[in-house]
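A structural walkthrough
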Amino acid sequence: MMHDTLDTTADLVRQENVARILDCAERLFRHYGYGKTNVADIARELGMSTANIYRFFASKVEIHQAVCGRMLATCYQLTYDACHSPGTASERLRRYVQTHYQWTRDTMLDQEKVHEMVVVAIERDWHVIERHIDRIRGLVEEVIREGIATGEFADQDPEVASRCFGAAIITLCHPQMVAQCLAKKNRAMPDELIEFAIRALKK
């Protein structure tokens, strides 16, 4: 029993330290940029030694992955809530895309340094990004499957439909594409893309 208590306490202390490191790293990444922040900067800000940081994370890259993972977890929760909210399948998909688009604009593009951090993650094709995409696709597939069952959507393979739906709205979810399209006047508007993608499920 005593051994279990000590293990639990040690785990809590470790979680607290990890959270402190990630909070500090995200704050510095946002302020100075990912490229200009190193592990020594994070350690100095926390009053820790660099060696102590390396007890929890093997590298700056690993810290970056964890920070991005936390940001994407927030995005996933927003998507989950939208996909499980009241309404028809069309209404829930519409709510999901609108929510995701607004989150991307607010979180990823509001500050140049945050955008840099996300672009680095995407360019490195980290598993955390791929896992996030798969989880989001799974939520969309579930909504489409329900829409097919009720007759709201045409009979089709919901897994394929979810991949195609994601491809149709990619310019509303991918940070780099969102940033580029915001500056263009000859691109489809968000609501136009959303309605186009939803209509395609009904054919």
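Residues numbered from 1 in each chain as written. Predicted model: local features only at pLDDT ≥ 70, side-chain atom pairs only at ≥ 80, totals over all residues. Heavy atoms only, no water.

Looking at an unreviewed UniProt entry, one finds the protein named TetR family transcriptional regulator, with Mesorhizobium ventifaucium as its source organism.

So, the overall build of the protein
Looking only at helices and strands, the protein has 10 helices and zero strands in total. For the protein, the N- to C-terminal ordering of α and β elements is α-α-α-α-α-α-α-α-α-α. In the protein, buried positions account for 40% of the 203 residues. Accessible surface for the protein amounts to roughly 11400 Å². Of this, 52% is attributable to carbon and sulfur atoms. Of the side-chain charges in the protein, 26 are positive and 29 negative, and the distance between the mean point of each set is 6 Å. (Helix = DSSP H or I, 4+ residues; strand = E, 2+ residues; numbered from the N terminus. Buried < 20%, exposed > 50% of the residue type's maximum accessible area, 1.4 Å probe, protein only. Areas by Shrake-Rupley, 256 points an atom, 1.4 Å probe, with all protein chains shown as cover. Lys, Arg positive; Asp, Glu negative; His and termini not counted. Charge placed at Lys NZ, Arg CZ, Asp CG, Glu CD.)

Describing the nonpolar core
One broad rule of soluble globular proteins: the nonpolar side chains tend to lie buried together. Counting 28 residues, the largest nonpolar core has I21, I42, L46, I53, I63 and V67 as its most contacted members. Of all elements in the fold, only α1 (2-32), α2 (39-46), α4 (60-83), α6 (112-123) and α7 (127-150) reach the threshold of two or more residues within this core. (Core = buried A, V, L, I, M, F, W, Y, C linked by side-chain atoms within 4.5 Å.)

Some points on the environment of S162
Counting through the fold element by element, S162 comes out in helix α8 (residues 158-168). With 18 residues separating them in the primary sequence, S162 and I144 have C-alpha atoms 7.1 Å apart. Discounting residues that sit within four places of it in the chain, S162 has contacts with R137, V140, E141 and I144. (Contact = heavy atoms within 4.5 Å.)

Details of the environment of M177
Considering the arrangement of structural elements, one finds M177 in helix α9 (residues 175-182). Separated by 13 residues in the primary sequence, M177 and C164 have C-alpha atoms spaced 17 Å apart. If we ignore the near neighbours within four places in the chain, the residues touching M177 are I170 and T171.

Overview of the UniProt feature "DNA-binding region" (unreviewed entry) in the protein
UniProt records the feature "DNA-binding region" (unreviewed entry) at residues 38-57, using the numbering of this structure. In residues 38-57, helix accounts for 60% and strand for 0%; the two terminal C-alpha atoms are 13 Å from one another. (UniProt positions renumbered as here; feature names shortened; annotations may be inferred.)

Considerations on the side chain of E26
Structurally, E26 can be placed in helix α1. A polar side-chain atom of E26 sits 2.9 Å from a polar atom in the side chain of R30. Not counting residues up to four positions away in its chain, the partners in contact with E26 are V67, R70 and M71. (Polar contact = N/O pair within 3.5 Å; in protein donor to acceptor, adjacent residues only side chain to side chain.)

Here's the deal with the packing of α4 against α7
Where α4 meets α7, the closest approach of the two axes is 10 Å, and the angle between their N-to-C directions is 5°. As summarised for this structure, α4 and α7 are arranged roughly parallel, according to the angle between their axes. Residues Q65, G69, L72, C75, Y76, T79, Y80 and C83 of α4 touch α7, and the partners they reach there are H127, V128, I129, H132, R135, I136, L139 and V143. (Axes fitted to C-alpha atoms, helices over the stretch in contact; angles between N-to-C directions. Parallel < 35°, antiparallel > 145°, perpendicular 65-115°, else oblique.)

Observations regarding the packing of aromatic side chains
Taken as a whole and judged by the stated rule, the model has two aromatic pairs. On the basis of an interplanar angle of 40° and a centroid distance of 6.3 Å, the ring pair of Y76 and Y80 is categorised as tilted. Linking Y76 with Y80, this pair stays in helix α4, spanning four residues, or about one helical turn. Looking at Y76, the relative accessible area reads 16%, which means it is buried. The ring of Y34 has K60 lying over it, and the distance from NZ or CZ to the ring centre is 4.1 Å. Here the guanidinium or amino end of R135 rests over the ring plane of Y76, the centre of that ring lying 3.7 Å away. (Phe/Tyr/Trp six-rings, centres within 6.5 Å; stacked < 30°, edge-to-face > 60°. Lys NZ or Arg CZ within 6 Å of the ring centre and 35° of its normal.)

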